[in-house]
Amino acid sequence: MSITIKTAEDIEGMRIAGRLGSEVLDYITPFVKPGVTTGELDRLCHEYMVNVQGTIPAPLNYSPPGYTPYPKAICTSVNDVICHGIPGDKVLKNGDVVNLDITVIKDGYHGDNSRMFFIGEPSILAKRLSDITYECMWLGIEQVKPGATLGDIGHAIQQHAEKAGYSVVREFCGHGIGKVFHEEPQVLHYGKPGTGVTLEAGMIFTIEPMINAGRREIREMGDGWTIKTKDRSLSAQWEHMLLVTDTGYEVLTLSAGSPPPPAFVTGMAGQGAANPAKAA
C-alpha cells in the first residue's frame, strides 16, 4: 500500500481546497428547503464553484473503473439513499433528510466534505440518526494522531453507532485524498483497536461514516451510482477531511458555517451538539 505523506506545500493547498469545499455547503444552506429539486441544488452549487470560487466540481464526469461517468457536480442522498444520489427532478418535501456531498478541486487539490440537512421539521428518528452519525464522525476524528491506527478510528465509530441500535455500512469508506480524489488508505468505519495502518504526520484522509437506522445491507440502483439501504431504512452521513499533525489532527474542511463539534471534543467543552442546517 502506497500512502502519500503530504509536503508543506501540499498541506497548504489542501487547507485552501478543504475550506472552499466547506464554503459551498455554507452557500447552499439557505436554498435547502421544501419545494426545491435536487437538480436545482446541483445547479446552484455548480455555478458557485465555477463562477465564484474558481473551483472545479470533482464528481462531474468522474469515472472510476467499472463506473459510467458521474453526471453531476454534487451528490444528493435523500432519506434511504446512503450515498452517491444523483441530483435530478426529485422535489424535497417537509420531513425529508438529505446529505449533500461536495468535493471541489482548487489548483489541483481536492476538498471533500458532506453535511446532513433537514427539510422543514425532521422526525425524532431522523434527528437522532443524524446526531449519532455526527458524533460517530467526531469520535473517529478524535482518535487521529501519530501512532494511532485506522482500526482505532473504525472501532470508535462502530461502537457508538451500534450502541445506539444502528448499523455501519461496510461497502463504502473514507479514503486518502490529495491531488488524487480517492487514494490509499481506505478508512473503514468499523474495526478493532490497534489494527490496520499506523497513522503518521502528513497523512490526509476523510472520515465519512454512513450509518443506517436499520440493517447495514445495501442495494445498488440501476443508474450504477445510487446506493440505498436494502430494508429502506433511513441513512445518514457526515464527512470531514483531516490532516494528521505532529500532535493530533487538523480538520481541513471547516468554514464559517460549519456546525460546531459535539461537547465531548477535546477543548470544545460547552459547545452545542450537532445542528444540521434546518430549512424552514
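Residues numbered from 1 in each chain as written. Predicted model: local features only at pLDDT ≥ 70, side-chain atom pairs only at ≥ 80, totals over all residues. Heavy atoms only, no water.

Visitor: Just to check I follow, could you spell out the pattern of salt bridges for this structure?
Guide: Between side chains of opposite charge, a pair can form when the charged atoms approach closely. Counted under the stated rule, the structure contains eleven salt bridges. Between Asp-26 and Arg-115 there is a salt bridge, with the nearest N and O atoms lying 2.7 Å from each other. You can see Asp-26 sitting in helix α1 (residues 8-28) and its partner Arg-115 sitting in strand β5 (residues 109-119), a full 89 residues away along the chain. Among the charged side chains, a network of salt bridges with common partners joins Glu-12, Arg-15 and Glu-250. (Salt bridge = Lys/Arg side-chain N within 4 Å of Asp/Glu carboxyl O. Helix = DSSP H or I, 4+ residues; strand = E, 2+ residues; numbered from the N terminus.)

Visitor: I tried to follow helix α4 (residues 150-163) on my own but got confused; where do I start?
Guide: Owing to its 3.6 residues per turn, the α-helix brings residues three or four apart onto one side. The end-to-end C-alpha separation of α4 is 20 Å, in line with the 20 Å expected for 14 residues at 1.5 Å each. Turning to α4, its buried residues number three or more, namely Leu-150, Gly-151, Asp-152, Ile-153, Gly-154, Ala-156, Ile-157, Gln-158 and Ala-161. Those residues of α4 hidden inside the fold are in contact with α3 (124-141), β6 (167-168), β8 (183-187), β9 (204-207) and β10 (210-212). Once α4 finishes, Gly-165 follows within two positions and takes phi at roughly 90°, a positive value. (Expected span 1.5 Å × (residues − 1). Buried < 20%, exposed > 50% of the residue type's maximum accessible area, 1.4 Å probe, protein only. Contact = heavy atoms within 4.5 Å.)

Visitor: Even after reading the chapter, I still don't get the UniProt feature "binding site: a divalent metal cation 1" (unreviewed entry) in the chain, so can you show me in this structure?
Guide: Listed under "binding site: a divalent metal cation 1" (unreviewed entry) in the UniProt record, and renumbered for this structure, are Asp-101, Asp-112 and Glu-239. The largest pairwise C-alpha distance within this set of annotated residues, which runs over 139 residues, is 8.1 Å, so the set is compact in three dimensions. With respect to the helices and strands, the residue Asp-112 is situated in strand β5. Not counting the four nearest positions on each side in its chain, Asp-112 is found in contact with Asp-101, Ile-102, Thr-103, His-175, Ile-177, Phe-181, Thr-206, Glu-208, Glu-239, His-240, Met-241 and Thr-253. A polar side-chain atom of Asp-112 sits 2.9 Å from a polar atom in the side chain of Thr-103. Structurally, the position occupied by Glu-239 is in the loop between β13 (235-237) and β14 (240-244). (UniProt positions renumbered as here; feature names shortened; annotations may be inferred. Polar contact = N/O pair within 3.5 Å; in protein donor to acceptor, adjacent residues only side chain to side chain.)

Visitor: What is the right way to read the pairing of β5 from this model?
Guide: Put simply, side chains in a regular strand alternate between the two faces of the sheet. A large share of β5 lies buried, amounting to eleven of its eleven residues. Here β5 shows no split at all, with Tyr-109, Gly-111, Asn-113, Arg-115, Phe-117 and Ile-119 on one side and His-110, Asp-112, Ser-114, Met-116 and Phe-118 on the other all buried. Judged from the ten bridges that link them, strand β4 (residues 97-106) and β5 form a sheet pairing that is antiparallel. In the sheet register, Leu-100 faces β5, and the bridge partner there is Arg-115. Where β4 hands over to β5, the hairpin turn is made up of two residues, of which Asp-107 adopts a positive phi near 55°. (Pairing = 2+ DSSP bridges.)

Visitor: Just checking my understanding: could you explain the UniProt feature "domain: Peptidase M24" (unreviewed entry) in the chain for this structure?
Guide: In this structure's numbering, the residues bearing the UniProt feature "domain: Peptidase M24" (unreviewed entry) are residues 12-246. The annotated region residues 12-246 carries 28% helix and 26% strand content, and the separation between its end C-alpha atoms amounts to 16 Å.

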